[in-house]
Amino acid sequence: DGGITQSPKYLFRKEGQNVTLSCEQNLNHDAMYWYRQDPGQGLRLIYYSQIVNDFQKGDIAEGYSVSREKKESFPLTVTSAQKNPTAFYLCASSPTVNTEAFFGQGTRLTVV
Amino acid sequence: GEDVEQSLFLSVREGDSSVINCTYTDSSSTYLYWYKQEPGAGLQLLTYIFSNMDMKQDQRLTVLLNKKDKHLSLRIADTQTGDSAIYFCAETAGGTSYGKLTFGQGTILTVHP
């Protein structure tokens, strides 16, 4: 089945450690996105990529890094520089010229 | 910058209609969306409306857009307990990045039997 797969669903890390969240899509979409969701807030854009080997910062990129070496994959690294990393992270993808973005099921990251 | 605002809570009885409201500030918004999120899950696209439309109906869902007032609403007819979820309004200027969305805070809809 076509879709976006985020793994793992739950992730626990110690403070000060970097952690990488996986996002894979088999929809042949050019663009991919990472959002962060905190309770009582809407989703905020971290990074996005419109094409392989290219990506741009979103509204809250500090403390995060990404890569886009393959069309299907857009991993997000939460670095130790991110002051408040505990959140729900959602990955999305969209075709270049279409009206819809499709979301994965999310990864809940807890830093202790 | 762009801003999207929603009321945080709505409670209705099963069988009644629900109306969730949203206001936005970006005049260049091309598409406006309604997403649904169930607990612990990702976002599911419910419906969207292009900015040159003022209404769109899709089964139990009716979207109204007042572009002059920058006001968007989602009406759910015959609301069911399965409709209990968080509903997000979002907008994009489109172009080549339809997933580059600005979201409201989400409205928690609670449906009582």
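Structure's up top.
In what follows, the accompanying structure is described. Computed from a prediction, not measured in an experiment: that's the story for all the values here. (Residues numbered from 1 in each chain as written. Chains lettered and ligands numbered in written order. Predicted model: local features only at pLDDT ≥ 70, side-chain atom pairs only at ≥ 80, totals over all residues. Heavy atoms only, no water.)

### Looking at the interface of chain B and chain A
Here's step 1: Facing the 21 residues of chain B at the interface are 23 residues of chain A.
Here's step 2: Both sides of the chain B and chain A interface together cover about 1800 Å² of buried area, and 54% of this is carbon and sulfur.
Here's step 3: Viewed at the interface, chain A and chain B are joined by 0 salt bridges.
Here's step 4: Between chain B and chain A we count 4 residue pairs in polar contact (both at pLDDT 80 or more) in total.
Here's step 5: At the level of secondary structure, the elements contributing two or more residues to the side of chain B that touches chain A comprise β4 (31-37) and β5 (43-50) of chain B. (Contact = heavy atoms within 4.5 Å. Buried area = accessible area lost by both parts, 1.4 Å probe. Salt bridge = Lys/Arg side-chain N within 4 Å of Asp/Glu carboxyl O. Polar contact = N/O pair within 3.5 Å; in protein donor to acceptor, adjacent residues only side chain to side chain. Helix = DSSP H or I, 4+ residues; strand = E, 2+ residues; numbered from the N terminus.)

### Overview of the sheet that holds strand β3 (residues 19-25) of chain A
In sheet architecture, strand pairing relies on hydrogen bonds along the backbone and comes in two forms, parallel and antiparallel.
Residues and elements named next belong to chain A.
Here's step 1: If you trace the 4 strands from one edge of the open sheet to the other, you get β1-β3-β8-β7, paired in antiparallel fashion. Strand pairing shows two members of the sheet lacking a second neighbour, β1 (4-7) and β7 (64-66), which therefore form its edges. Adjacent strand axes in the sheet meet at a mean angle of 20° when their direction is disregarded.
Here's step 2: The pairing of β3 with strand β8 (residues 76-78) spans 3 bridges and is classified as antiparallel. Bridging across to β8, Val19 finds its partner in Val78. (Pairing = 2+ DSSP bridges. Axes fitted to C-alpha atoms, helices over the stretch in contact; angles between N-to-C directions.)

### Overview of the environment of Ile60 of chain A
Residues and elements named next belong to chain A.
Here's step 1: Its location among the elements puts Ile60 in the loop between β6 (54-57) and β7.
Here's step 2: Here the alpha-carbon distance between Ile60 and Tyr47, two residues 13 residues apart in the chain, equals 7.9 Å.
Here's step 3: Ignoring anything within four residues of it in the chain, the contact list for Ile60 reads Arg36, Arg44, Leu45 and Ile46.

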